[in-house]
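Coordinate inspection notes
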Amino acid sequence: DFPNASYVEQMLKFNNEVLQDFVNDRYVEKVKKLKEKERLKKQYLRSKSRVQKENIKRRMEQLEQEQEQDKFAATQSFYRGLQPMPDEELKARLDAVGSLPTLLQNMYKVQRGLIITDSIELAAQVEHWDQQIQLLEQLGMPLNNNVTEKDKLDARRGFEELPEILRSYLLINMKMPLNSTSEQVVDAFMDLQLPQTINSLPKEIIEQMKDQEFLPEYNDIEFIERSRFIEDLMPSIAALEKERPSPEEVDQFMNTILDQKTFGLRSKPERLLGGYLIRGMNNLRGDDASDKLVEVLNQRLANSSLAGKLQFFFLPDPVSPTIEDRELGTAFEPVLLVTGVSPKLMYRQLETKKKMDISLFGLLSVFAFSFGACLITDTTTQKMQAALGTTDLVTILQLLGNAISIGLGLLFIQLIHELGHRIVALQNKMDVGFPNLIGSVNLGLIGAITPFNAPPKNLKYLFDFSIVGPIAGLFTSIGLLLLGLEEMIALDISQQEYLPALPIELIRSSALGSGIIESFLGSIVFQTTSSVLPLSPLAIAGFLGLITNALALLPIGRKSSLWTLNLSQASNIMFVL
């Protein structure tokens, strides 16, 4: 139409009539569908109506079917099964491209990964067989480490069915003889290091990516919805994904462990991150029906071939209920959560050496803080400097003794705290590990972490285990604080000059602790221009223990937090509180 047109005009015409259609068909429509699918996913996860979820899911399945039909070079086999291009179609392509200006012919070649000196016929054949070529190139991807003999046969078949011009082109690019067999070509593809972004990654990252599993359910919207609640509310369960039970093991659990007399099934197992949800009804009756069910199922599991492979939890449905569930009264009904067994993953257990290093750091923090408390005032600092200059052992031993008393007092409180945990664990036959001290720069010792080796039998046991330690530590701390204040009152003025001290701001942060101190020493102690308050070593240890054990009652991290307060029924200890 434009015999005298310039290259610029030819480019504009090519862009408007050829490239635009190509881009729209190949990319734009697919991007629109991907965006729509992502938007539908967000709507599904936000929706609280089961009917709306079903409608959204049907539309998503329709989009997935369209994507499957339009999928470009993606199949479970390395053989695409494409039909050779008919001679008439090849001639029509050659005539159409050959009639274009040289510049557009070169663009046509470059778009297909060729160079401008390659023939138009080669470009046309690459365009037709592009899907098969991409599949063969995937043999060389670093993540493709599970190629079977069947895959190799498929790949050889795919190579043999390529036109001769394409086989020669691939062999030349791979620097192989033109008479190479398909077996040699496939082996070369598997050893080929393709110029892909992933090859530029560190080897450690590539190894980690090889270990990652990309299961079909990871793209399932219902799996994503169930799993996001598990990740938020039960990260320990989500951590068991690598040790998740197999479908066969879950079927065996349902057929051999469950029955209609104990737990009536309502649906098939539902996959989520870390395991499976099994919905049903507890058919046992009584106030302790839940405990009875767990005890019966645990006995059956212990006597089966699944012992040590599976574990289960009977708990309220962790998945957010729909509007229909709330209206029908089925929201938060108890379900069975079946997972694999791996205390190391579930409780993030550390290696013995790391535990020892953490506890050693905790001890160092305790005594570093204790010495700091003894030298926080100008008076004690000057006395220590003078004593070191004159080798005054009495003063040095006095200050060292105070520091050691603070440290031992903190450790004694923590010992009572951990004994409380241990007594409840022994009483309820809970499998717990050795506690690890957690140091603190501001408080000397923030507490300890007692790891679980197995889940507790029920939430009552967990509640009792969680609360007894801090309560025992609190009473011990109050006792040491009172004892230290009594001791301080009996000291004369000369002896009080050697006392360690705490910042007044820290003391005022505890209403209980500062109230006890004020009742013994009077409110005048807080009306001073000094920023610190001298206290006896036992009083300092008791005050710090008061703070750390109070913090242990809060739902913070993995310490003895009472996050079970809003989950469990009232146990005996909770009733007393």
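Positions within a chain are numbered from 1, following the residues in the order the chain's sequence is written. This being a predicted model, a pLDDT of at least 70 is required before a residue's local features are given, and a value of 80 or more before pairs of side-chain atoms are given or counted; all residues contribute to the totals for chains, interfaces and linings. Side-chain metrics rest on all non-hydrogen atoms present in the structure, leaving aside hydrogens and water.

In this section: the overall build of the protein. Scanning the protein from terminus to terminus reveals 25 helices and 9 strands. The burial tally for the protein puts 41% of its 577 residues in the buried class. Looking at the protein alone, contacts between residues at least 24 apart form 70% of all its contacts between residues at least 6 apart. Note that accessible areas follow from Shrake-Rupley with a 1.4 Å probe, and for residues the cover is restricted to the protein chains shown. Accessible surface, the protein: about 32,500 Å² in total, of which carbon and sulfur atoms supply 57%. Runs of H or I in DSSP of at least four residues are treated as helices and runs of E of at least two as strands, each being numbered from the N terminus. The buried label goes to any residue with under 20% of its type's maximum accessible area, the exposed label to any with over 50%, and the partly exposed label to all in between, with areas taken from a 1.4 Å probe on protein chains only. Any two residues whose heavy atoms approach within 4.5 Å at even a single point are treated as in contact.

Moving on to the pairing of strand β5 (residues 334-340). Summarising burial for β5: 6 of the 7 residues are buried, a large majority. A strand pair is defined by DSSP finding two or more bridges across the two strands. Alignment of strand β3 (residues 275-282) against β5, held across 5 bridges, turns out to be antiparallel. Directly across from Arg279, in β5, lies its bridge partner Val335. One ladder, built from 7 bridges, connects strand β4 (residues 310-316) with β5; its direction is antiparallel.

For this document, the term salt bridge refers to a Lys or Arg side-chain nitrogen within 4 Å of an Asp or Glu carboxyl oxygen. One pass over the full model with this rule turns up 13 salt bridges. One salt bridge connects Arg300 with Asp259, and the closest N-O pair in it is separated by 3.0 Å. Taken as a pair, Arg300 in helix α14 (residues 289-302) and Asp259 in the loop between α13 (247-256) and β1 (263-265) lie far apart in primary sequence, 41 residues in all. Since its relative accessible area comes to 26%, Arg300 is described here as partly exposed. Connected through salt bridges with shared partners, the residues Glu89, Arg93 and Glu127 form a single ionic network.

As a packed pair, helix α19 (residues 393-427) and helix α24 (residues 537-551) sit with axes 8 Å apart at the nearest point and diverge in direction by 35°. By crossing handedness, the relation of α19 to α24 is classed as right-handed. From α19, Asn402, Ser405, Ile406, Gly409, Leu410, Ile413 and His417 reach across to α24, where they touch Pro537, Ile540, Ala541, Gly542, Leu544, Gly545 and Asn549. Under this scheme, a helix contributes an axis fitted over its contacting stretch, all axes are lines through C-alpha atoms, and angles between N-to-C directions fall in the 0 to 180 degree range. Two helices cross in a left-handed way if the nearer one is turned anticlockwise from the farther one by less than a right angle. They cross in a right-handed way if the turn is clockwise.

In this model, Lys429 sits at a positive phi of 55°, which is unusual for a non-glycine residue. Tracing the backbone shows Lys429 in the loop between α19 and β6 (436-440).

Further remarks concern helix α17 (residues 352-374). To estimate the expected span of a helix, subtract one from its residue number and multiply by 1.5 Å. Here α17 is 23 residues long and its end C-alpha atoms lie 33 Å apart, about the 33 Å a rise of 1.5 Å per residue gives. Listed as buried for α17 are Ser359, Gly362, Ser365, Val366, Phe369, Ser370, Ala373 and Cys374. Where α17 is buried, its residues touch α18 (378-390), α19, β6, β7 (444-449), β8 (501-503) and α24.

What follows covers the side chain of Ser182. Secondary-structure assignment places Ser182 in helix α9 (residues 182-191). Polar contacts involving the side chain of Ser182 include one to the side chain of Glu183, which spans 3.4 Å. Excluding its chain neighbours within four sequence positions, the residues that come into contact with Ser182 are Arg156, Phe159 and Glu160. Polar contacts here mean pairs of N or O atoms no more than 3.5 Å apart (in protein, one a potential hydrogen donor and the other a potential acceptor; neighbouring residues in sequence count only if both atoms are side-chain atoms).

So, on to the environment of Ile376. Its place among the elements puts Ile376 in the loop between α17 and α18. Using a relative accessible area of 34% as the deciding quantity, one classes Ile376 as partly exposed. Along the sequence, Ile376 and Leu499 sit 123 residues apart, while their C-alpha atoms lie 10.0 Å from each other. What Ile376 contacts, discounting residues up to four positions off in sequence, is Ala501, Pro503 and Val532.

Turning next to the confidence of the model for the protein. Scored by pLDDT, the protein has a mean of 76; 77% of the residues are at 70 or more. The pLDDT score gives, residue by residue, the confidence of the prediction method on a 0 to 100 scale. Of all the helices and strands in the protein, helix α25 (residues 572-576) carries the lowest mean pLDDT, 44, while α13 carries the highest, 89. This model gives residues 71-75 a pLDDT under 50, and the stretch forms 13 contacts once residues within four places in sequence are excluded. Here residues 193-202 is a poorly scored stretch, pLDDT under 50, and it has 13 contacts once near neighbours within four places are set aside; other chains count.

Here we take up the pairing of β7. Pairing analysis gives 5 bridges linking β6 to β7, with the strands arranged antiparallel. Considered in β7, the bridge of Leu437 is made with Ala448. Here β6 folds back onto β7 in antiparallel fashion, the turn holding 3 residues.

So, on to the side chain of Ser370. Topologically, Ser370 is positioned in helix α17. With relative accessibility at 0%, the residue Ser370 sits in the buried group. Not counting residues within four places of it along the chain, the set of residues in contact with Ser370 comprises Ala403, Ile406 and Gly407.

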